[in-house]
Amino acid sequence: MKINQLRKIILTGLCAAIIFVGVSLFRIPIPALVGRPFIHFGNTFAVLTVLILGFRYGAVAAMIGLGLFDLLNGYAATAWLTVLEALVLAAVVAVVFKGVNYQQKPRVLKLYAVSLAAGLIKLLTSWLSGIVESMMVGTSFSVAVIRAFLSLPATLINSIVLFLVVPLLYVALAKTVLQRLKI
Amino acid sequence: MAIIFQNVTHVYQADGPLAYTGLKDISFQIRDGSYTAIIGRTGSGKSTLVQHINALLKPTAGKITVSDHIITPETKNKHLKPLRKKVGVVFQFPEQQLFADTVIKDISFGPKNFGMAEKDAEQLALTMLKKVNLSSELAQKSPFELSGGQMRRVAIAGVLASQPDILILDEPTAGLDPKGHQELMELFAQLNRQGTTIILISHQMEDVAQYSNQVLVMEKARLIRDDTPQAIFTDKTFLQEHQLLQPESTKFARLLADRGFKFARLPITTADLVNQIVKELGS
Amino acid sequence: MKTLIDLKNVTYTYDEMKVPALSDINLRILAHTWVAVVGVNGSGKSTLARLLNGLLTADSGDIIIDGMALTADSVWDIRKKVGIIFQNPDHQFVGATVEDDVAFGLENLGIPRDQMVELVNWALEQVNMLEFAHKAPQTLSGGQKQRVAIAGVIATRPQIIIMDESTSMLDPQGRQDIMKIMQYLQSELGITILSITHDMTEVIHADQVVVLKEGQIIQSGSVEQIFANPKELAKLGLNPPFTQQVQLELIKQGIDIDSKYLSEQEMVDELWQLYSKM
Amino acid sequence: MGKIIVGRYLPGNSLIHRLDPRAKFIATFIFVAIIFLANNWATYLALGLFVLWAVYLSKVSLTFFIKGVRPMLFLILFTVALQIFFTPGGNPFWQWGILSLSKLSIINGIFILLRFTLIIFISTLLTITTTPLQMSDAIEYLLRPLRKIHFPVDEVALMLSIALQFIPLLSDETTKIMNAQRARGVDFGEGNIIKQIKAIVPILIPLFVSSFNIAYDLSIAMEARGYNGSAGRTKYRQLHWQKPDTLVLTSFGLLTIILLILRSY
Ligand SMILES: Nc1ncnc2c1ncn2[C@@H]1O[C@H](COP(=O)(O)OP(=O)(O)OP(=O)(O)O)[C@@H](O)[C@H]1O
Ligand SMILES: Nc1ncnc2c1ncn2[C@@H]1O[C@H](COP(=O)(O)OP(=O)(O)OP(=O)(O)O)[C@@H](O)[C@H]1O
Ligand SMILES: [Mg+2]
Ligand SMILES: [Mg+2]
C-alpha cells in the first residue's frame with residue numbers, strides 16, 4: 001500500500017473524530033423558549049472535511065463522525081438517517097465545489113455558494129428525516145410533515161451558522177495548513 | 001503579585017459518576033517576584049493547581065487570591081480578563097496552540113484580545129520575537145514552516161506579549177534539545193530578575209535547584225511540602241519516601257561524601273558543587 | 001562479533017530538498033551492542049532510522065542488515081528484523097486495546113491466531129504490561145504506552161530495535177522504566193539497540209556513539225573516544241555529560257585533574273585521590 | 001488519563017452486556033421494524049413487557065433510561081399533541097377549526113408516546129451495554145457482505161477504529177487548546193454569537209494541524225510495523241457468536257409471531 005493512501009485513510013478517521021468532537025464539544029447554546037437547543041459544529045466540520053478530502057473520503061468521514069455520535073449517545077434507532085443525511089450532504093457539497101471550479105480559481109464567493117448549497121440541503125434533509133422519524137413512531141403522514149416543519153427553526157439557525165462559518169474556516173485552513181498537506 | 005491559596009479543593013466532574021479529586025485542601029503563599037517550582041510525579045495535580053491561578057479552573061471549595069482578585073467557587077466567568085492578562089501561561093507543548101497564518105499575527109493575538117490596538121500589538125510582537133531569540137525576518141512567515149524549537153519560541157512569545165506579571169510555565173522545555181532548553185531557561189530567569197513572578201512545573205531537578213527559591217511538592221492531589229530547594233534536595237529520606245529524584249550534583253556530591261569528602265553543605269547546583277570542591281582542594 | 005548493520009556510501013535526499021539529508025554514510029554496527037546516535041535537530045538522525053527500516057529508500061549506496069541487502073523485494077523481511085519505537089507515544093498506538101496493538105505487527109505477517117495469542121502474551125510479559133492487556137490506550141500513561149509499543153515491536157522477534165527519541169516525551173520515571181526494559185532486551189534477548197537521543201546520561205552507557213552533523217557522520221567510536229574532545233562537541237551543540245561538565249569546570253578553576261574523559265566512578269576516584277593527598 | 005468517556009457506555013457484566021454486539025445490533029433494528037406491527041393495547045403491552053424484561057436483564061438502573069428520554073421530552077409531547085389534535089376521524093367530542101379531540105385520537109397519541117419511549121429505551125439499551133469498540137467491530141462485520149460489490153470494507157473499518165481511538169485524544173486536545181486560548185484572552189461560551197463563532201478558528205486550526213501530524217506519524221509507525229494493506233492479514237480480535245445470541249434473535253422471532261397474533265384482536 002502506498003504510504004500516501006494509508007495517510008489519507010488515517011486522516012479520514014481523524015477527521016471523523018474531529019466531526020464527532022464538533023458535535024460533542026463545540027457547542028453554543030442558543031436562547032430559546034423551550035428546551036435547550038444549541039448550535040453544534042458537526043455538520044460544519046463535515047462540510048470542511050469534504051472540501052479537504054474530496055467526496056469519497058470526506059463522505060465516509062462525515063458518515064462515521066456523525067453516525068458514531070448518534071450510536072454512542074442513545075440515538076441508535078435513527079443513526080441510519082443521520083448517516084444518509086451525511087452522505088447526501090457530502091455529495092451536494094462535492095458537486096457544487098467542483099461545479100464552481102474553486103480549485104482553479106479560488107474566490108471566497110464560490111465558497112459561499114458551496115456553503116449555501118450545504119445549508120439548504122441540510123435544511124431539506126433534516127425536514128425529510130424529521131418526517132421519517134415521526135412516521136417511525138407512528139404519526140400520520142400529515143402530522144409528520146407539520147411536525148417536521150415546526151422543528152425547522154433550530155435547523156435553520158444551524159444552517160445559517162454553517163453557511164457563514166464554512167468559508168471562514170476553510171480560508172483560515174487554506175492559509176495555514178492545507179498547503180502543507182499533500183494528499 | 002502575591003498569590004495566596006486557602007484550603008483549595010478541586011473535584012473534576014463533581015456531580016458525575018466519575019468525580020475525581022484533583023486537588024485536596026491546598027494552602028500556600030507565593031511572594032511577589034519569586035521563582036517557585038512545582039514538582040511531583042505525573043498525575044499528582046501540578047497542572048490542575050496552576051490552572052486555578054488564572055481561573056481556567058475554579059475551586060470546588062476554598063479561596064485563591066491573586067493580588068486584588070479573589071477566586072472562589074462562586075466566581076463568574078465574566079470580568080476575568082484583567083486577571084488573565086496579568087497571569088500568562090505557557091502550557092505543555094505550547095506550539096500546539098499556534099493557529100495564525102503569520103508569526104506576527106499569532107504573537108499579537110493575546111494583546112489584541114486584551115484590548116490593545118492592532119498596530120501597537122504588532123509592534124509589541126516584534127519586540128517579543130527578539131526577546132525569544134528569533135530573527136525579525138520570521139515575522140511574516142507561517143509559523144507552521146518553522147522547526148519545532150522555533151515554533152515553541154513563537155508560542156512562548158505569544159504568551160509574553162501580554163506582558164504578564166505572573167508567568168506560569170508547565171514543563172516549557174519538554175522535548176527540546178539541550179541548547180534550546182538552556183536558552184529558554186535563561187530567558188525565564190531574566191524575566192524573573194526584571195520582576196516577573198515565575199511558577200515553573202518541571203521534572204528536571206537541575207532546573208528547579210538552579211532557578212527556584214521556593215518548591216512546592218505535590219503528591220496525589222495534596223501539597224506535601226513547601227520549602228526551599230536546598231532543604232528539599234538535601235533531605236534524602238524525604239526524596240526517597242516520595243520517589244523524587246535528586247539533582248545530578250547532589251547525587252555526585254553524595255558519592256564523594258561517601259568516600260570521605262567533606263562538604264560544608266550538600267550542593268544542589270553544578271556551580272555550587274564545583275565551588276565547594278575547589279574550596280576543599282584549593283586550601 | 002558479527003556485523004549486523006552495514007551501510008556503505010549511503011546517500012538520501014528528500015524530494016523537495018536541495019541538499020542531501022544524509023550523504024555518503026558508512027557505518028558498521030555489531031550484533032548485541034548498544035549504539036547511541038546523537039546530533040542537533042535536523043542533523044539526519046531520523047532519516048537514518050527510516051532508511052534502516054526501508055521506510056525511505058536510499059538514492060545510492062548499500063544497506064545490509066544481518067547479511068541481507070535492503071531492496072524493494074527484501075524490505076518486508078527487513079522490517080521483521082528492524083523495529084522502531086518513535087517519539088510520541090500517542091501517535092503510534094494502532095490497536096484499540098493494549099493486546100490488539102501488540103498483535104498488529106503479527107496480523108500484518110499473517111500469523112495464525114493461536115500463535116498470536118501466545119506471542120502477544122509473551123511480549124507483554126517482557127515489558128511487564130500483561131495485566132494491562134485489555135486496557136484502552138487513553139487509560140495508560142505515556143511511559144506505559146511506550147512499553148506497549150516496545151511489546152508490539154518485540155512480538156515479531158526483531159534483531160534490532162531503533163529508538164527515535166522514544167523517551168523524550170516521558171517523565172523521569174517513565175524514562176527510567178523504558179531504559180531498564182531496553183537494557184533487559186539487550187542482555188537477555190540479545191537485541192541490538194540503536195538509540196537516537198539528546199540525553200547524555202544515556203549516551204555514556206552506550207557501546208558505540210555515532211555523531212551526526214548536517215547529514216554526515218563526523219565521529220563514531222566508544223564513549224571515551226567521543227568525549228575526548230568536549231570542545232569539538234560543544235561546537236556541535238552537544239553538551240558533555242554531567243560529570244564531564246564538572247570536570248571541565250574544575251580544570252578551568254585550576255584544579256589539576258586528568259583532562260581525558262572520565263566515567264563517574266573514575267571522577268570520584270580521581271577527586272578522592274587529590275583530596276586525600278592534601 | 002482516562003478522564004474522557006466517549007458515549008454513554010456503562011460498564012457491567014450482565015447477560016445483555018455479554019451478548020455479541022452483532023446480535024444486539026440486529027436485535028435493535030428488528031425491534032424498530034416490528035414496532036410497526038403494534039396496533040392495539042395488547043401488542044403495546046407485549047412490546048413494553050419485552051423491553052422492560054430486557055432492561056431488567058441488563059441490570060442497569062431504570063433512571064439511566066429515563067435520562068435518555070428527558071432531552072427528547074419536549075419533542076415527544078409536541079408530537080403527541082400534534083397527533084392528538086390534528087387527527088380527524090372518530091367522534092370528536094371537541095372541535096375548533098381543524099383541531100379536534102376524540103377518544104380515538106387520544107388513544108392514538110398514547111400509542112405514539114409509547115412507541116417513542118420504547119424506541120428510546122431500546123436504543124439506550126444498545127448504547128449503555130455495548131462498548132464503542134464492540135460497536136465498531138459489529139459494524140465492520142455487518143458491512144462485510146458489501147465486499148461483494150467491491151466496497152472497501154477493511155479500509156472503512158480502519159477509518160472507523162482510528163476515529164474511535166482518537167476521539168478521546170482529540171477531545172482532550174480540544175480542551176487543552178481552548179484553555180490555552182482562554183489564557184490568551186479568548187472568551188468561549190460567552191458574549192455575542194458572532195464573536196463565539198470567530199473564536200472557533202484558533203481551536204479548529206490547531207486541531208487540524210494535530211490531526212495531520214498524527215496521520216503522518218501513525219502512517220509511518222504502521223508501515224514500519226509491516227502494514228501493507230489489508231490483504232493477507234490475520235485477525236487477532238474476534239467476535240464469538242454464542243447460544244444466548246441465537247436465543248435473543250429467536251426470542252425476537254417469537255415476539256414477532258406474538259405481535260402478529262395479538263394485532264388481529
Ligand atoms: N478534565 C479532567 N477530568 C477528570 N480528571 C482529570 C481532568 N484533568 C486531569 N484529571 C486528573 O487529575 C489528576 C491530576 O492531573 P494533572 O494534569 O493536574 O497532573 P500533573 O501533575 O500535571 O501531571 P503531569 O506531570 O503528567 O502533567 C490526574 O489523575 C488526571 O487524570
Ligand atoms: N519529510 C521530509 N521532507 C523534506 N525534508 C525533510 C523531511 N524530513 C526531514 N527533512 C529534512 O532532512 C533533514 C534531516 O532531518 P531529520 O528528521 O533526519 O533530522 P533529526 O536529526 O532527526 O532531527 P530532530 O532532532 O529534530 O529529530 C532536515 O534538514 C530536515 O529538514
Ligand atoms: Mg501536567
Ligand atoms: Mg528526528
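Model, not experiment: these values are computed from the prediction.

Student: Where do I start with the overall build of chain A in this structure?
Tutor: For chain A, the count of helices and strands is seven helices and two strands. For chain A, the N- to C-terminal ordering of α and β elements is α-β-β-α-α-α-α-α-α. Scaling as 2.2 N^0.38, a compact globule of 183 residues should have a C-alpha radius of gyration of about 16 Å, and chain A matches this with 17 Å. Considering only C-alpha atoms, chain A reaches an extent of 50 × 35 × 30 Å along its principal axes. Going through the 183 residues of chain A one by one, you find that 58% of them count as buried. A separation threshold of at least 6 residues defines the contact pool for chain A, and within that pool the share at least 24 residues apart is 64%. For chain A, the computed accessible surface area is about 7400 Å², with 69% contributed by carbon and sulfur atoms.

Student: Could you clarify how one ought to interpret the UniProt feature "transmembrane region" (unreviewed entry) in chain A in this entry?
Tutor: In the UniProt entry, the feature "transmembrane region" (unreviewed entry) is given for residues 6-26, 38-69, 75-97, 109-128 and 148-173 of chain A. Helix and strand shares over residues 38-69 of chain A are 84% and 9% respectively, and the end C-alpha atoms of the span are 16 Å apart.

Student: Sorry, what's going on with the sheet that holds strand S2 (residues 20-30) of chain B here?
Tutor: Paired through backbone hydrogen bonds, the strands of a sheet run either parallel or antiparallel to each other. Residue and element names in this part refer to chain B. Strand order across the open sheet formed by four strands is S2-S1-S4-S5, with antiparallel pairing between neighbours. With one partner strand each, in any of the chains shown, S2 and strand S5 (69-71) form the two edges of the open sheet. Adjacent strand axes in the sheet meet at a mean angle of 20°, parallel and antiparallel pairs treated alike. Pairing of strand S1 (residues 3-12) with S2, which is carried by seven bridges, proceeds in the antiparallel orientation. Along S2, the bridge assignment pairs His10 with Leu23.

Student: Which parts of the structure should I look at to understand the interface of chain B and chain C?
Tutor: Buried accessible area, meaning the area lost when the parts come together, often serves as the stated size of an interface. Across the contact, 26 residues belong to chain B and 27 residues belong to chain C. Together, the buried faces of chain B and chain C total about 2700 Å²; carbon and sulfur atoms form 70% of this surface. Considering only the side of chain B, the residues that lose the most area to chain C are Phe252(B), Arg259(B) and Leu281(B), jointly responsible for 24% of the buried surface there. Inspection of the region where chain B meets chain C yields one salt bridge. Across the salt bridge formed by Asp269(C) and Arg259(B), the nearest N and O atoms sit 2.7 Å from each other.

Student: I tried to follow helix H11 (residues 270-282) of chain B on my own but got confused; where do I start?
Tutor: Residues separated by three or four positions in an α-helix point in the same direction, a consequence of the helix having 3.6 residues per turn. Helix length check: H11(B), at 13 residues, gives a terminal C-alpha distance of 18 Å against a target of 18 Å (1.5 Å per residue), a fit within 8%. On its buried face, H11(B) is in contact with helix H10 (248-259) of chain B together with helix H10 (242-252) and helix H11 (264-277) of chain C.

Student: Hey, could you run me through the packing of helix H5 (residues 148-160) of chain B against helix H6 (residues 178-193) of chain B in this one?
Tutor: Helix packing geometry: the angle between the two helix axes and the distance between the axes. Residue and element names in this part refer to chain B. Their axes nearest at 12 Å, the elements H5 and H6 cross at an angle of 10°. Put simply, H5 runs roughly parallel to H6. Side by side, H5 and H6 meet where Arg152, Arg153, Ile156 and Leu160 of the first sit next to Gly180, Glu183, Leu184, Leu187, Phe188 and Leu191 of the second.

Student: Hey, could you run me through the pairing of strand S6 (residues 82-85) of chain C in this one?
Tutor: Consecutive side chains along a regular strand alternate between the two faces of the sheet. All names here are of chain C. Here S6 shows no split at all, with Val82 and Ile84 on one side and Gly83 and Ile85 on the other all buried. Bridge count between S6 and strand S7 (residues 160-164): four bridges; the pairing is parallel. Within the sheet, the bridge partner assigned to Val82 lies in S7 and is Ile160.

Student: For this particular structure, what's the right way to read the site of ligand 1?
Tutor: Close contacts around ligand 1 come from 16 residues, with Thr42(B), Gly43(B), Lys46(B), Ser47(B) and Thr48(B) the closest. Near ligand 1, the surrounding residues are drawn from chains B and D. In this structure, Thr42(B) approaches ligand 1 through a side-chain N or O atom, which is 2.6 Å from an oxygen atom. Here Gly45(B) contributes a backbone N or O atom positioned 3.0 Å from an oxygen atom of ligand 1. Starting from 640 Å² of accessible surface for ligand 1 in isolation, the protein chains cover 81%. Of the residues forming the shell around ligand 1, the biggest block, three residues, is contributed by helix H1 (residues 46-50) of chain B. Here the residues of the shell around ligand 1 are counted per class, giving three nonpolar, nine polar and four charged.

Student: Quick question: what am I supposed to make of the environment of Arg115(D) here?
Tutor: Its location among the elements puts Arg115(D) in helix H6 (residues 103-129). Note on Arg115(D): relative accessible area 7%, which makes it buried. For the pair formed by Arg115(D) and Leu47(D), sequence separation is 68 residues and the distance between their alpha carbons is 9.2 Å. Those residues in contact with Arg115(D) that lie beyond four places of it in its chain are Met135(A), Met136(A), Val137(A), Gly138(A), Ile35(D), Phe36(D), Ala38(D) and Tyr44(D). Looking at Arg115(D), its side chain comes within polar contact range of the main-chain oxygen of Met136(A), at 3.2 Å.

Student: What am I meant to see in the interface of chain D and chain A here?
Tutor: The partner chain A presents 59 residues to the 66 residues of chain D that form the contact. Of the roughly 5800 Å² buried where chain D meets chain A, counting both sides, 83% is carbon and sulfur surface. Looking at the side of chain D facing chain A, the largest losses of area belong to Met159(D), Phe208(D) and Phe212(D), adding up to 12% of the total buried there. Between chain D and chain A we count zero salt bridges in total. Counting across the interface, chain D meets chain A through six residue pairs in polar contact (both at pLDDT 80 or more). Among the secondary structure elements, those contributing two or more residues to the side of chain D that touches chain A are helix H2 (21-34), helix H5 (73-86), H6, helix H7 (132-143), helix H8 (153-183), helix H9 (193-198) and helix H10 (201-224) of chain D. With 17 residues, H10(D) is the largest single contributor of residues to the side of chain D that touches chain A. Across the side of chain D that touches chain A, the residue classes tally to 48 nonpolar, 14 polar and four charged.

Student: Can you walk me through the UniProt feature "domain: ABC transporter" (unreviewed entry) in chain B in this structure?
Tutor: Here the UniProt feature "domain: ABC transporter" (unreviewed entry) sits at residues 3-245 of chain B. Structurally, residues 3-245 of chain B is divided into 34% helix and 25% strand, and its ends, taken at the C-alpha atoms, are 27 Å apart.

Student: Just checking my understanding: could you explain the sheet that holds strand S5 (residues 68-69) of chain C for this structure?
Tutor: Residue and element names in this part refer to chain C. Taken in spatial order, the four strands line up as S2-S1-S4-S5 in an open sheet, and their pairing is antiparallel. In this open sheet, the two strands that pair with only one neighbour each are strand S2 (22-30) and S5. Against the sheet, helix H1 (residues 45-52) touches strand S1 (3-12), S2 and strand S4 (60-65), its axis set at about 115° to S1.

Student: Where do I start with a nonpolar patch on the surface in this structure?
Tutor: Nonpolar side chains collect at one region of the surface, where Phe55(A), Trp80(A), Leu84(A), Leu87(A), Val132(A) and Phe29(D) lie side by side and expose about 470 Å² of accessible area between them. Structurally, the position occupied by Leu87(A) is in helix H4 (residues 76-99).

Student: Whenever I open this one, the nonpolar core confuses me. Can you help?
Tutor: If you look at soluble globular proteins, the nonpolar side chains tend to sit buried side by side. The biggest cluster of nonpolar side chains holds 139 residues, and the ones touching the most others in it are Phe41(A), Phe45(A) and Phe188(B). Beyond its immediate chain neighbours, meaning those up to four positions away, Phe45(A) contacts Ile18(A), Ile19(A), Gly22(A), Phe26(A), Leu169(A), Ile200(D) and Leu204(D). One finds Leu106(C), Val120(C), Leu233(C) and Leu236(C) within the second-largest nonpolar core, a separate group that totals 51 residues.

Student: Which parts of the structure should I look at to understand the site of ligand 2?
Tutor: By nearness alone, 15 residues border ligand 2, and Gly42(C), Gly44(C), Lys45(C), Ser46(C) and Thr47(C) come closest of all. Between ligand 2 and Lys45(C), the relevant distance is 2.7 Å, taken from an oxygen atom to a side-chain nitrogen or oxygen of the residue. The contact in question runs from a nitrogen atom of ligand 2 to an N or O atom on the side chain of Tyr216(D), over 3.2 Å. Top element by residues in the shell around ligand 2 is H1(C). It accounts for three residues.

Student: Where do I start with unusual backbone geometry in this structure?
Tutor: With the exception of glycine, the majority of residues adopt a negative phi angle, and the majority of peptide bonds are in the trans configuration. Residues and elements named next belong to chain B. The backbone of Phe93 shows a phi angle near 50°, a positive value even though the residue is not glycine. For Phe93, a relative accessible area of 17% translates into the label buried. One non-glycine residue with positive phi stands out, namely Gln243, at about 50°. Within the secondary structure layout, Gln243 lies in the loop between helix H9 (236-241) and H10. On the basis of relative accessible area, Gln243 is assigned to the partly exposed category, the value being 49%.

So, how was this worked out
- Residues numbered from 1 in each chain as written.
- Chains lettered and ligands numbered in written order.
- Predicted model: local features only at pLDDT ≥ 70, side-chain atom pairs only at ≥ 80, totals over all residues.
- Heavy atoms only, no water.
- Helix = DSSP H or I, 4+ residues; strand = E, 2+ residues; numbered from the N terminus.
- Rg over C-alpha atoms; globule rule 2.2 N^0.38 Å.
- Buried < 20%, exposed > 50% of the residue type's maximum accessible area, 1.4 Å probe, protein only.
- Contact = heavy atoms within 4.5 Å.
- Areas by Shrake-Rupley, 256 points an atom, 1.4 Å probe, with all protein chains shown as cover.
- UniProt positions renumbered as here; feature names shortened; annotations may be inferred.
- Pairing = 2+ DSSP bridges.
- Axes fitted to C-alpha atoms, helices over the stretch in contact; angles between N-to-C directions.
- Buried area = accessible area lost by both parts, 1.4 Å probe.
- Salt bridge = Lys/Arg side-chain N within 4 Å of Asp/Glu carboxyl O.
- Expected span 1.5 Å × (residues − 1).
- Parallel < 35°, antiparallel > 145°, perpendicular 65-115°, else oblique.
- Near = heavy atom within 4 Å.
- Polar contact = N/O pair within 3.5 Å; in protein donor to acceptor, adjacent residues only side chain to side chain.
- Nonpolar A, V, L, I, M, F, W, Y, C, P; charged D, E, K, R; others polar.
- Patch = residues over 30% accessible without salt bridge, like charges linked within 9 Å, V, L, I, M, F, W, Y side chains within 5 Å.
- Core = buried A, V, L, I, M, F, W, Y, C linked by side-chain atoms within 4.5 Å.

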